[in-house]
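Descriptive structure summary
This is what each chain is made of:
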Amino acid sequence: MSHRGPLTAVITTVLGATLGGLLIWRVYRTKRKRLPFNQKAAEPVEASHPVEKTFPAVECKESDPPHVQEKVCKAVECQTSQLLPPVQIPSSEQLLGVKPVMVSSEEEWQQLWPLIQEELSVFPVLGLDCEWVSVKGRPSAVSLLQLASYSGLCVLVRLLPFRNDLRTFPLSLIEVLRDPHVLKVGVGCYEDGKRLTRDYGLSLTCTVDLRYIALRQRQTKVSNGLSLKSLAADLLNVSLDKSLELRCSDWEADQLTKEQMTYAARDAQVSVALFLRLLGLHTEAGPVSSSGCSYSELASRCQGLVDVPFKGRGDVGDERNADGERRRRTRKPPVYESPESGDQQVPDPRKNNKRKPLGVGYSARKSPLYDNCFLHAPDGQPLCTCDKKKAKWYLDKGIGELMSEEPFIVRLLFEPSGRPDSQQDYYLTAKENLCVVCGKADSYIRKNIVPHEYRRHFPTEMKDHNSHDILLLCTSCHAASNVHDGFLKQQLAEEFAAPQGCEEGVRLLEDSDRRKVRSAARALLTAGTLPEQRRDELQGLIKNFLNVNEEEELTDDTLQQAAGLETRIFNEAYVPHGLKVVQAHAEDGLKGLMDLERRWRQHFLTTMHPRHLPPLWSVDHNHSKFLRKYGADLPIKLN
C-alpha cells in the first residue's frame, strides 16, 4: 500500500467538508434573503419560513355565466393577494409631491399604460377629476381629464386633440374608464362622467363620491363642509389652492403652465389620498405597509355608494352649486363684445332650466330580454330560441308539446315555414342578460345597432328576424353609444346630402300669409280700440284670404275661425334623413343596403369595443343567405 494513501484520504476529507460547508452557507444566505422584511434574522429559518403554497390554475372564461365568473375572479384575487409582496402607501405629502405627466396623443398614453396597470394591480382605484372652460356661462367640452393612482402617479389627459376623431381615443383608456372593477373616486365624479359621455361618448362606470364616504364615517370630524378643499384640510391637513386666477384659467391653452398642471393634478391626487384615508388605509404619520386590496374588498367597503350621484343640501363649498354644476373655469368674453351682452341673462320663467344629466331618461328593463327557450321542429331539429311567453303560446294553442322544463323546449306539431341552414346559427345560441360592452348584469336596455330611422325603410326581406341587431346595453353604455351614433349620422348626412331632420330644413313649413291673417284676427278680437285705418287694413287682409266680399261685415264666428288658423303646412319637398340615406344605398340594390347594415355594425364594434357579444354575432350576419335566397338583382321596394 502506498504512503500517499492516508494523505490523499485526509486531503479529500478536508476538501469535501469545506465544499459542503460552503454549500450549506450559500443555501442559508439565500433563504435568509427571502425572509419577510419585518422578520428578525436571528430566528430559525425552519420556524419562520412557511412552506410555499401552490394554487391550482384558475381561469375566468367569458363564456362562463356571470355568477361563475364572479366566483373565479374572487378566487384569483384571493390567490394574488397572498402572493403579492408588501407595498408602501405614501403619506399625503409624498403623494402630492409626485409630478404629473401630460398626455396629448395615443402614443404618449400607451407608454404610460403598463405603469398604470401595475398600480391598479395593487389598488384598483383612480382619483378622477375634469377641467373645462365656460364661454358666456355655457360650459364647453371637457378639456382635461386627470387620473391619479394610489402612489400619486397622475396622468393629465388633454381631450381636445381627440375630439375631431373619436376613433383615435386609446382603447385602454376607454376600457379603464368603463372597467367595472376599477373604482373612480372624487367629488362630483358621477357628474364628471356624464360630461365625458355627453362630450366624447366615453362611458364612466364604478364611480364613488367621496362625500358619501365622509358622511358614512361618522367618527370622522368634517367641520368645514364637504368640498374637496374642505375634506383635504380636515382629513389630510392639506391646503388646496383654489384661487380664482387658477380656477378660471384657460384649460384649452396650447401649453398649460406649471401652476395649472399642479392645480389639476392635486385635485385627482387628493381624491385618491382621501379615499385611502377614509377607508383606513392611509395615515398622516407616514408611509404604511400593505399588500394591497382587491376590487371586491374595496367595493364591499363602499357598498351602496357605487355609481350613485351625490344628493346633498348644497354644502359643497366653493366648487359646485346646488345643481351640481361647477361655478369656476369661466373664460372671460372677448374684448370686442359689448359689456351689455355678458353672462347675466334673465331665464325664461316658463321653462324648466335645470339640465338633466345625459341618460337620466333611460328606463332599464324590469325583466330579462332573453328567456332562452327553444323551439324544435317535429323531427326534433332545433329551430330557434324565443321568450317563454311565445313558447307557452304554442302549448296553449295545442300546436306544440313540452319536451323539457330546463331548458324550456317546445316541439312544434306542424312543419315550420323555414329551417336554419345549419346548426351553427346565431338564433340557436343561448344569450346572457347583460351589457354586451361592460358586462353589467343588473341594469340594461335594448339597443338598435342599426337605428330604427334607417331600418324602418328597409325592404321586408331585410326586416324579418332582425333581432341580431338588438343587443343589451347598460344605461351608461347606451348613452355613450348614442353619442357615437350621432357622429356617424352627421357623416352620412354630409355624404348623401341628407340633412338630419328633412330635405328642405323642416317637415312642416310656416305659412307667412296664414300667420298674418291669424294675427290680424286675434288683434281685432282682443284689441280695445284701433285706428279706423288700421282696422280696415286688418279686415281687408282677412276678407281677401277668406274670399269674403269687401262690402260684407266680418262676424265674430268668422274672426274666431281666422284666429284659429293652422299656420304650418306640410313641406312637399320633405324627405326624412333616414329615408334619403337608405334610398341612396338602395340604388346599388341588395348589396348597397347590406353595405349600410355592415357599416353600422362595424361602427358599433369600433366605437364601443364590446367584450360580451353573443356567440356568432357578425357584421355580415345573413348577407350570404340573402344573396343565395333572393339574388343580387332583387327589386328593392322601400317602406
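Let me begin by describing the structure that accompanies this report. (Residues numbered from 1 in each chain as written. Predicted model: local features only at pLDDT ≥ 70, side-chain atom pairs only at ≥ 80, totals over all residues. Heavy atoms only, no water.)

Notes on the overall build of the chain
Within the chain one finds 23 helices and 19 strands. Per-residue burial over the chain gives 42% buried out of 639 residues. For the chain, long-range pairs separated by at least 24 residues make up 72% of all intrachain contacts whose partners lie at least 6 apart in sequence. Split by element, the accessible area of the chain, about 36,000 Å² in all, is 51% carbon and sulfur. (Helix = DSSP H or I, 4+ residues; strand = E, 2+ residues; numbered from the N terminus. Buried < 20%, exposed > 50% of the residue type's maximum accessible area, 1.4 Å probe, protein only. Contact = heavy atoms within 4.5 Å. Areas by Shrake-Rupley, 256 points an atom, 1.4 Å probe, with all protein chains shown as cover.)

Concerning the pairing of strand β16 (residues 445-448)
Every second residue of β16 is oriented toward a common face, the buried set being I445 and K447 and the non-buried set R446 and N448. The pairing of β16 with strand β17 (residues 470-473) spans four bridges and is antiparallel. Each residue of the ladder has a partner; that of I445, found in β17, is L473. (Pairing = 2+ DSSP bridges.)

Considering the state of the cysteines
By definition, a disulfide links two cysteine residues through a covalent bond between their sulfur atoms. For the structure shown, the criterion picks out zero disulfides. C386 takes part in no disulfide bond, and the closest cysteine sulfur, belonging to C373, lies 5.5 Å away. (Disulfide = S-S within 2.5 Å.)

Structural notes on helix α7 (residues 171-178)
Extensive coverage of α7 is indicated by the burial of seven of its eight residues. The complete set of buried residues in α7 reads S172, L173, I174, E175, V176, L177 and R178. Buried positions along α7 lie against α5 (106-122), β3 (125-131), β6 (144-148), β7 (154-158), β8 (183-186) and α22 (589-608).

Thoughts on the pairing of strand β12 (residues 373-376)
Residues C373 and L375 line one face of β12 and the alternating positions F374 and H376 line the opposite face, and both faces are buried. Judged from the four bridges that link them, β12 and strand β13 (residues 382-386) form a sheet pairing that is antiparallel. Looking across to β13, one finds that F374 is bridged to T385. Here β12 folds back onto β13 in antiparallel fashion, the turn holding five residues, of which G380 has a positive phi close to 95°.

Side note on the packing of α5 against α7
Between two packed helices, the angle of one axis relative to the other and the distance separating the axes together describe the packing. The contact between α5 and α7 brings their axes to 10 Å, and the two run at 30°. Judged by the inter-axis angle, α5 sits roughly parallel to α7. Here the hand of the crossing between α5 and α7 comes out left-handed. Contact with α5, carried on its side by W109, Q110, W113 and L120, involves S172, L173 and V176 of α7 and no other residues of that element. By residue class, the composition of the contact of α5 with α7 is five nonpolar, two polar and no charged. (Axes fitted to C-alpha atoms, helices over the stretch in contact; angles between N-to-C directions. Parallel < 35°, antiparallel > 145°, perpendicular 65-115°, else oblique. Left-handed = near helix turned anticlockwise from the far one by under 90°. Nonpolar A, V, L, I, M, F, W, Y, C, P; charged D, E, K, R; others polar.)

Quick word on helix α18 (residues 512-526)
Between the first and last C-alpha of α18 there are 21 Å, a value that for 15 residues agrees with the 21 Å anticipated at 1.5 Å per step. Turning to α18, its buried residues number three or more, namely V517, R518, A520, A521 and L524. Viewed along the axis of α18, the buried residues span an arc of 160°, placing them on a single side of the element. The outward face of α18, more than 90 degrees from its buried face, is lined by the exposed residues K516 and T526. Residues of α18 that are buried sit in contact with α19 (532-546) and α20 (556-563). (Expected span 1.5 Å × (residues − 1). Arc of directions from axis to C-beta.)

Points about the packing of helix α8 (residues 189-200) against helix α17 (residues 475-495)
Closest axis-to-axis distance for the α8/α17 pair is 8 Å, and the angle between their directions is 25°. By the angle class used here, α8 and α17 are roughly parallel. For the pair α8 and α17, the contacting residues are T197, R198 and Y200 in the first and A479, A480, V483 and H484 in the second. Of the residues that constitute the contact of α8 with α17, the class distribution is four nonpolar, two polar and one charged.

Describing the sheet that holds strand β14 (residues 400-404)
Read across the open sheet, the four strands follow the order β13-β12-β15-β14; overall the sheet is mixed. Across the chains shown, the open sheet's two edge strands, defined by having one partner strand only, are β13 and β14. If you compare each strand with its neighbour and ignore which way they point, the axes differ by 30° on average. Bridge count for β12 against strand β15 (residues 409-412) is three bridges, and the pairing is parallel. Its bridge partner being in β15, H376 is matched across the sheet by R411.

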